[in-house]
Structures are given as C-alpha cells and as structure tokens.
Amino acid sequence: MSSDETRPDSSPGSPFEHASISRDEAPQFVLPLVVRIEKAEPPARTDALETAARAVLDILSDERSLGEGEWAQAMRDWQDARIRKVVRRARGAEWRKASALAGITVRGEAAEVRVFPPVPLDGWPKELARLQVSGTDLDDPEPPAAPGPGMPVLWLNPDLAMSAGKAMAQAGHGAQLAWWELSEADRRAWRESGFPLAVRTPNPDYWQQLTVSGLPVVRDAGFTEIAPGKTLVVEGGSRFCPLPRERRP
C-alpha cells in the first residue's frame, strides 16, 4: 500500500535541501518495502507493522544513506519531495528474487520486511514492480501486550480501517518523523539499542488527547484507501526516543 506524509517545513536538522521548491514540483520518488507473507505462516499484524517501522529507521541511519554513500543521493531526492512509501508482498521465489536486490532485511518476532533505496515513482525494478500490493490483510492472534516502559509508541488512529500494508506505511512515516525530531546523540542511542518501538491503537479518548499534545502527527495525503487526515501520532519513549511535547519551530 502506498502512503504520503506531510514533511516538516523548517525543523532544525531537516534533510531538505530545496525549501523554496514545492514538494509537488520536485521529482517524485518512493521508498519500496516488501513484506514476506507465506501462505502457511503469515506474520502477525502488529509484528509486521513494527518491523516495517524499524526497516525505515534502518535505511535512514545506514551509512550507505548518509554523506557520500551509494544511496545518499536517492535518499535526499526522495525526502525533497512527497515522502511516499509503498508496501508490497512476496513469498517463495518472489521473496528470494526481491532479497537479491540491494536493500536491508529486517526481522521481527516472525515478520520479515525488506526495504530498498528509493526509486522514481515510475521506475521500479521489475522484480518489485510485479509484486502485489493487495493481500496484506494480516491479523493479530491475540491483542498485543502493553508497550514496555520508556518505549516509543506509534499510535494509529482508532477511527480508520486500514489494510496491514497501508498501516505498515503509516508506521514507517511515524518512525521517520521521530527520527527527524531527535538529536544526533539520541539517534545514535536509539540505533545502538536496536530501534525498540511499539505500534498500538489507542482508545478514542486517548487518541484525541494525543492529537492536541504537540507530538509529531502523520497526515495522509489521501491518495489510497482513506481520506486525507491524521493517521498516526508518535509518542517518544523516555529512554530511547525522547520527543518534545511541543514541536520545534
């Protein structure tokens, strides 16, 4: 599933080089993610969402994405435009072919997600372009446990019905917003700890509190599945991801 997030305008440490250019006028790129869904043993929904979020953080912090790294220009071009992510599914031979392409495979409890450097919107590698977008309707066999103390939490809008693929893209957006908010020291500590995080759905009352708390909010552009609006709020953990309650100017 595809999704777009609203980028920050002028936060300190912003990766955007061309603030004077509208993100719609810049060349459009997409970050591909592929989730492994075998027929016999599909991953649990929450496991897949959390693994997708960590995959985004892994590629953002990978040395190949920074400075003069081989993925750095593509990462900058992608972040200069709309922050698009597309989640596709694969199994068997499809997964093996996708895994042969340059990228990073991230494993959760049972979920496997591979993230690839950004590609032009109409320039997908054939091994990924032929993969299905639909069919990522995963379930949790049991309600997920409460997040651990001090852990960052990505809170999904309880009023929206999203496929697992769409929700994975939203979780990736939330993780990226958290990354942008952090100092270099906090980023390093979070990465060294393995990017612990949780994805949960709050009750409606808590969701309303979160949306007015000043924490980072993902706003979907409304291109797929859902109408434009707030989809996720990022609540930083006290230990690894101490996000400010009030957004920086």
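Every chain begins its residue count from 1, and numbering advances along the sequence as written. For a predicted model such as this one, the threshold for reporting local features is a pLDDT of at least 70, and the threshold for listing and counting side-chain atom pairs is 80 or more; totals across whole chains, interfaces and linings nevertheless cover every residue. With hydrogens and water set aside, each side-chain value is computed from the structure's full complement of heavy atoms.

**Student:** Residue-level account of the overall build of the protein chain, with values.
**Tutor:** Helix and strand assignments follow DSSP, with helices taken as H or I runs no shorter than four residues and strands as E runs no shorter than two, numbered in order from the N terminus. Looking only at helices and strands, one finds 7 helices and 10 strands in the protein chain. Within the protein chain, the proportion of its 249 residues that are buried is 51%. Across the protein chain, every contact between residues at least 6 apart in sequence was considered, and the portion connecting residues at least 24 apart equals 80%. Think of it in three bands: residues with accessible area under 20% of the maximum for their type are buried, residues over 50% are exposed, and the middle band is partly exposed, with areas taken using a 1.4 Å probe on protein chains only. In this description, contact between two residues means that some pair of their heavy atoms is separated by no more than 4.5 Å.

**Student:** Mind laying out the layout of surface pockets, listing which residues take part and the relevant values?
**Tutor:** Rolled over the atoms, a probe as big as a water molecule pinpoints where empty space is left. Site definitions follow a grid-based scheme: protein atoms alone, a 1 Å grid, a 1.4 Å probe that fits but cannot get out for cavities, and for pockets an open set with protein on both sides within 12 Å along at least five of seven lines, plus lining residues having an atom within 4 Å of a point. Grid points are joined across faces, edges and corners, and a volume is the space filled by probe spheres set on the points. The computed volume of the second largest pocket comes to approximately 220 Å³. Looking at which element gives the most residues to the lining of the second largest pocket, the answer is helix 1 (residues 45–61), with 3 residues. Side-chain classes follow a simple rule in which Ala, Val, Leu, Ile, Met, Phe, Trp, Tyr, Cys and Pro form the nonpolar group, Asp, Glu, Lys and Arg form the charged group, and the remainder, Gly included, forms the polar group. In terms of residue class, the lining of the second largest pocket is built from 6 nonpolar, 1 polar and 6 charged.

**Student:** Which residues make up the nonpolar core, and what are the values?
**Tutor:** Membership of the largest hydrophobic core comes to 57 residues, with the highest contact counts inside it found for Leu 33, Met 168 and Trp 190. Excluding anything up to four places from it in sequence, Trp 190 contacts Leu 57, Pro 152, Ala 178, Trp 179, Leu 182, Phe 195, Pro 196, Leu 197, Phe 240 and Cys 241. Core analysis: the next-biggest nonpolar cluster, separate from the first, contains 11 residues, Trp 95, Ala 98, Trp 124 and Leu 131 among them. To qualify as a nonpolar core, a set must consist of buried Ala, Val, Leu, Ile, Met, Phe, Trp, Tyr and Cys residues joined through side-chain atoms within 4.5 Å.

**Student:** Break down the environment of Trp 71 for me, with residues and values.
**Tutor:** Note on placement: Trp 71 falls in the loop between helix 1 and helix 2 (72–80). A residue is classified by how much of its surface remains accessible, and Trp 71, at 5% relative accessible area, is buried. In this structure the C-alpha to C-alpha distance between Trp 71 and Ala 102, which are 31 residues apart in sequence, comes to 9.9 Å.

**Student:** Explain the pairing of strand 5 (residues 112–115) to me, and be specific about the residues and the numbers.
**Tutor:** Side-chain alternation along strand 5 places Glu 112 and Arg 114 on one buried face and Val 113 and Val 115 on a second face that is also buried. Examined bridge by bridge, strand 2 (residues 29–36) and strand 5 share 3 bridges and lie antiparallel to one another. Across the sheet, Val 35 pairs through a bridge with Val 113, a residue of strand 5. If DSSP finds at least two bridges between two strands, the strands pair. In this structure, strand 4 (residues 104–107) lies alongside strand 5, joined through 4 bridges in antiparallel fashion. Bridge pairing in strand 5 links Val 106 to Val 113. If you look at the hairpin formed by strand 4 and strand 5, you'll find 4 residues sitting between the two strands.

**Student:** Just give me the short version of the packing of aromatic side chains, but keep the residues and values in it.
**Tutor:** Aromatic rings from Phe, Tyr and Trp, with only the six-membered ring used for Trp, were paired whenever their centres fell within 6.5 Å, and each pair was classed as stacked if the ring planes differed by under 30 degrees, edge-to-face if by over 60, and tilted otherwise. Scanning the entire structure with this criterion turns up 3 aromatic pairs. Relative to Tyr 206, the ring of Trp 155 lies with its centre 5.4 Å away and its plane at 85 degrees, an arrangement referred to as edge-to-face. Here Tyr 206 lies in helix 7 (residues 204–211) and Trp 155 lies in strand 7 (residues 153–156), a separation of 51 residues in the sequence. Relative accessible area serves as the criterion here: at 12%, Trp 155 is assigned to the buried category.

**Student:** Give me the lowdown on the confidence of the model for the protein chain, citing residues and values where you can.
**Tutor:** Chain-level pLDDT for the protein chain is 87 on average; 85% of the residues reach the 70-or-more range. Confidence of the predictor at the level of single residues is captured by pLDDT, which takes values from 0 to 100. Taken as a whole, residues 5–21 scores under 50 in pLDDT and shows 39 contacts with residues more than four places along the chain or in a different chain.

**Student:** How would you explain helix 7 if you had to name every residue and give the values?
**Tutor:** Trp 207, Leu 210 and Thr 211 are the residues of helix 7 that are buried. Taken around the axis of helix 7, the buried residues stretch over an arc of 95 degrees, which confines them to a single face. Among the structural elements, strand 7 and strand 10 (229–235) are those in contact with the buried residues of helix 7. Measuring from the side-chain oxygen of the N-cap residue of helix 7 to the backbone nitrogen of Asp 205 gives 3.1 Å; that N-cap residue is Asn 203. As used here, the arc is the angular range of directions from the helix axis to the C-beta atoms. Polar contacts, as counted here, are pairs of nitrogen or oxygen atoms within 3.5 Å of one another; within protein the pair requires one atom able to donate a hydrogen and one able to accept it, and residues that are adjacent in sequence qualify only if both atoms are side-chain atoms.

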